[in-house]
Amino acid sequence: MSGFGKCTVIVGCQWGDEGKGKIVDVLAEGVDIVARYQGGANAGHTVHVGDDEFILHQIPSGILHEGRRCLLGNGVVLDIVQFFQEFDALAERGIDLTGRVGVSRRAHLLLPYHRLMDKAAEQSAAEKIGTTGRGIGPAYEDKAGRRGVRVADLGNRPRLESRVASAMSRVCERLDRLGQGAGTDLERAMEEALSLGDRLLALSCDTGPEITRALDAGQRVLLEGAQGTVLDLDHGTYPFVTSSNTTAAGAAIGTGIGPTRIDDVVGVVKAYITRVGEGPLPTGMDQAMDEHMRQLGGEFGATTGRPRRCGWFDSVISRFAAQVNGLTGLAVTKLDVLDTLPEIKVATAYTMPDGSVVEDFPADTWSLGDIVPVYETHPGWECSTAGARTLADLPPNARSYLDRLEELTGAPVRWVSVGTKRSQIIQL
Ligand code: GDP
């Protein structure tokens, strides 16, 4: 697959689960390096290759293409135990990983105490965020609090030990206060995690210089985001967000390249919308339709199996995503999921509680729970799109629907995905 920039960011434009994994997998064929720039094992990308299904949490989806180098940038928080479980599972399934995986020496480690803290904090919180409980939030808190342990620290035992010891005493104190002991399990889990230190060090690298040199040498790079735009720590529906910058600007920070090296930003949107975890979903469907869409789209989390709430395509959000990410194009996924619907709604604006109509995404998260979307209704196409490989193969109603998404979003549709398989993609 060609037709995209030398250094392209792939960013989710909704609440995650847009099908970024599939788009990265398809585009990865035409690149040399794929790098993740934020998030941790809370991401779950499902990729289908032939009859095989791969669920990737930390290793970039490019790993499924022979020879591609796959990097985890400084912006990720690396769960070392999970990382090697994933690594070994891929190797067992015959994927050759030799020399192909690199981890930034500046990346922060997500250690077993972060998981404990995550669960304890969420259980005792007055307002639940709906986290995956994988320790991502606490690991980023430690990073911002300058208490984190980085991959580079693994190479200096005394420093590592002193940083881990002070983290452990802080964590145990806090767990005690929350009335939850850490127990001996934590010590065992810490030993297991740190015993993998040398193995991780052997993969460590400096992602910024490596990617920059590759670009200088004419190689092609994909920068892969996790989660989605409205889960961005700064720009999302705070506080119901993830703890990192998921948006395209985060790709430079999170890998260590300069922002001027990025020349293409592809936003991935589903042809409808879903949300997992807590927080408002303005275009949420009524109960029966929500259930129907969940079954049609198989909308259950790849990481947690949690059912995702379903909604109509929200162009207030996609427009916002186009602006905040500087989108140069869209990849629309799961068009086929709408194949049987007689009518399809699209939100064009929001009616706010005070009666005003807005087209910009509001900063006040709580107001989103009280808005009424302004919908337009499109006729469905009521036939299968799964076999379409060109735009001309799509029924006229599906083409008009895509034209309208493009117009409302303000970014051109460049790919349309019509099924889980690699071949089920239309390039425009
Ligand atoms: P990601 O985290 O953004 O990569 O998304 P997920 O992997 O959580 O969810 C995407 C799911 O949708 C996966 O199971 C994909 O195989 C599937 N998928 C991706 N594109 C399409 C598509 O065009 N049609 C259908 N039916 N499924 C798709």
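Please refer to the structure higher up on the page.
Residues numbered from 1 in each chain as written. Predicted model: local features only at pLDDT ≥ 70, side-chain atom pairs only at ≥ 80, totals over all residues. Heavy atoms only, no water.

Participant: Would you mind showing me how to read the overall build of the chain here?
Facilitator: For the chain, the helix and strand inventory stands at 12 helices and 20 strands. Here the C-alpha atoms of the chain give a radius of gyration of 21 Å, agreeing with the 22 Å that 2.2 N^0.38 yields for 428 residues. Principal axes of the C-alpha set define a box for the chain whose edges measure 65 × 50 × 40 Å. Residues counted as buried form 57% of the 428 residues belonging to the chain. Taking contacts inside the chain between residues at least 6 apart in sequence as the whole, the part at least 24 apart equals 77%. Accessible surface, the chain as shown: approximately 16,900 Å² in total, 50% of it carbon and sulfur. Averaging the positions of the 44 positive and the 56 negative side-chain charges in the chain gives two centres separated by 5 Å. (Helix = DSSP H or I, 4+ residues; strand = E, 2+ residues; numbered from the N terminus. Rg over C-alpha atoms; globule rule 2.2 N^0.38 Å. Buried < 20%, exposed > 50% of the residue type's maximum accessible area, 1.4 Å probe, protein only. Contact = heavy atoms within 4.5 Å. Areas by Shrake-Rupley, 256 points an atom, 1.4 Å probe, with all protein chains shown as cover. Lys, Arg positive; Asp, Glu negative; His and termini not counted. Charge placed at Lys NZ, Arg CZ, Asp CG, Glu CD.)

Participant: In this structure, what is going on with the environment of Pro 259? I would like to understand it.
Facilitator: Summarising the element assignment, Pro 259 is placed in the loop between α9 (249-253) and β11 (264-270). On a C-alpha basis, the gap between Pro 259 and Ala 248 in space is 9.5 Å, while along the polypeptide they are 11 residues apart.

Participant: Before we go on, may I ask you to explain the nonpolar core in this structure?
Facilitator: Across soluble globular proteins, nonpolar side chains show a tendency to be buried alongside one another. Counting 57 residues, the largest nonpolar core has Ile 63, Phe 83, Leu 90, Tyr 113, Leu 200 and Leu 222 as its most contacted members. When sequence neighbours within four positions are dropped, the list of residues in contact with Leu 222 reads Phe 4, Thr 8, Ile 10, Val 24, Leu 27, Ala 28, Val 31, Ile 33, Val 34 and Ala 35. Listed in part, the 53 residues of the second largest apolar core include Val 11, Leu 215, Leu 327 and Trp 381. (Core = buried A, V, L, I, M, F, W, Y, C linked by side-chain atoms within 4.5 Å.)

Participant: Looking at this model, I keep getting lost on helix α8 (residues 207-216). Mind explaining?
Facilitator: Quick reminder: α-helices carry 3.6 residues per turn. Residues three or four places apart thus point the same way. Along α8, the residues classified as buried are Thr 207, Gly 208, Ile 211, Ala 214 and Leu 215. Summarising the axial view, the buried residues of α8 lie within an arc of 140°, below the 170-degree limit, and thus occupy one face. For α8, the exposed residues lying more than 90 degrees away from the buried face are Arg 213 and Asp 216. Here the buried face of α8 lies against β1 (7-12), β2 (33-36), β5 (69-72), β7 (101-104), β9 (204-205) and β10 (221-224). (Arc of directions from axis to C-beta.)

Participant: What's the story with helix α10 (residues 287-297) in this structure? I'm lost.
Facilitator: Listed as buried for α10 are Met 289, Asp 290, Met 293, Arg 294 and Gly 297. Angularly, the buried residues of α10 cover 140° about the axis, an arc narrow enough to put them on a single face. Projecting away from the buried face of α10 at angles above 90 degrees are the exposed residues Gln 287 and Ala 288. Contact partners of the buried residues in α10: β13 (309-311). Directly after α10, the chain includes Gly 298, whose backbone phi takes a positive value near 60°.

Participant: In this structure, what is going on with the site of the ligand? I would like to understand it.
Facilitator: Surrounding the ligand, one finds 18 residues, the nearest of these being Gly 21, His 45, Thr 46, Asp 336 and Ser 417. Within the contact set of the ligand, an oxygen atom lies 2.8 Å away from a backbone nitrogen or oxygen of Lys 20. Contact between the ligand and Ser 417: an oxygen atom at 2.5 Å from a side-chain N or O atom of the residue. Burial of the ligand by the surrounding chains reaches 91%, relative to a free accessible area of 590 Å². Only α1 (20-28) and β3 (45-49) provide two or more residues apiece to the shell around the ligand. (Near = heavy atom within 4 Å. Polar contact = N/O pair within 3.5 Å; in protein donor to acceptor, adjacent residues only side chain to side chain.)

Participant: What is the right way to look at the packing of helix α3 (residues 112-124) against helix α5 (residues 157-177) in this model?
Facilitator: The description of two helices packed together rests on the angle between their axes and the distance between the axes. Direction vectors running N to C along α3 and α5 enclose 20°, while the axes themselves pass 11 Å from each other. If you check the angle between α3 and α5, you find them roughly parallel. Considering the relative orientation of α3 and α5, their crossing is left-handed. Two secondary-structure elements touch here, α3 through Tyr 113, Leu 116, Met 117 and Ala 120 and α5 through Ala 167, Met 168, Val 171, Arg 174 and Leu 175. Partitioned by chemical class, the residues of the contact of α3 with α5 number 8 nonpolar, no polar and 1 charged. (Axes fitted to C-alpha atoms, helices over the stretch in contact; angles between N-to-C directions. Parallel < 35°, antiparallel > 145°, perpendicular 65-115°, else oblique. Left-handed = near helix turned anticlockwise from the far one by under 90°. Nonpolar A, V, L, I, M, F, W, Y, C, P; charged D, E, K, R; others polar.)

Participant: What is the right way to read the packing of aromatic side chains from this model?
Facilitator: Aromatic ring pairs are described here by two measures, namely the spacing of the ring centres and the angle between the planes. Counted according to the given criterion, the structure contains 8 aromatic pairs. Look at Phe 84 and Phe 87: their rings are 5.9 Å apart centre to centre, the planes differ by 65°, and that puts the pair in the edge-to-face class. Here Phe 84 pairs with Phe 87, and both are found in helix α2 (residues 80-92), just 3 residues apart, close to one helical turn. Residue classification places Phe 84 among the buried residues on the basis of a relative accessible area of 3%. Cluster of aromatic residues (ring-pair linked, three or more members): Phe 83, Phe 84 and Phe 87. Lying across the ring of Phe 54, Arg 93 places its NZ or CZ 3.9 Å from the centre. For the cation-ring pair, Lys 345 lies above Tyr 375, with the distance from its terminal atom to the ring centre recorded as 4.6 Å. (Phe/Tyr/Trp six-rings, centres within 6.5 Å; stacked < 30°, edge-to-face > 60°. Lys NZ or Arg CZ within 6 Å of the ring centre and 35° of its normal.)

Participant: Would you mind going over the sheet that holds β7 with me for this structure?
Facilitator: Two orientations exist for strands paired in a sheet by backbone hydrogen bonds: parallel and antiparallel. A sheet is described by the order of its strands in space; here 10 strands give the open sequence β9-β7-β5-β2-β10-β1-β11-β15-β19-β20, paired in mixed fashion. The open sheet has two free edges, formed respectively by β9 and β20 (425-427), since each of these has just one partner strand. In the sheet, β11 pairs with strand β15 (residues 329-333) via 5 bridges, with the strands oriented parallel. Note on β15: the bridge partner recorded for Lys 270 is Thr 333. (Pairing = 2+ DSSP bridges.)

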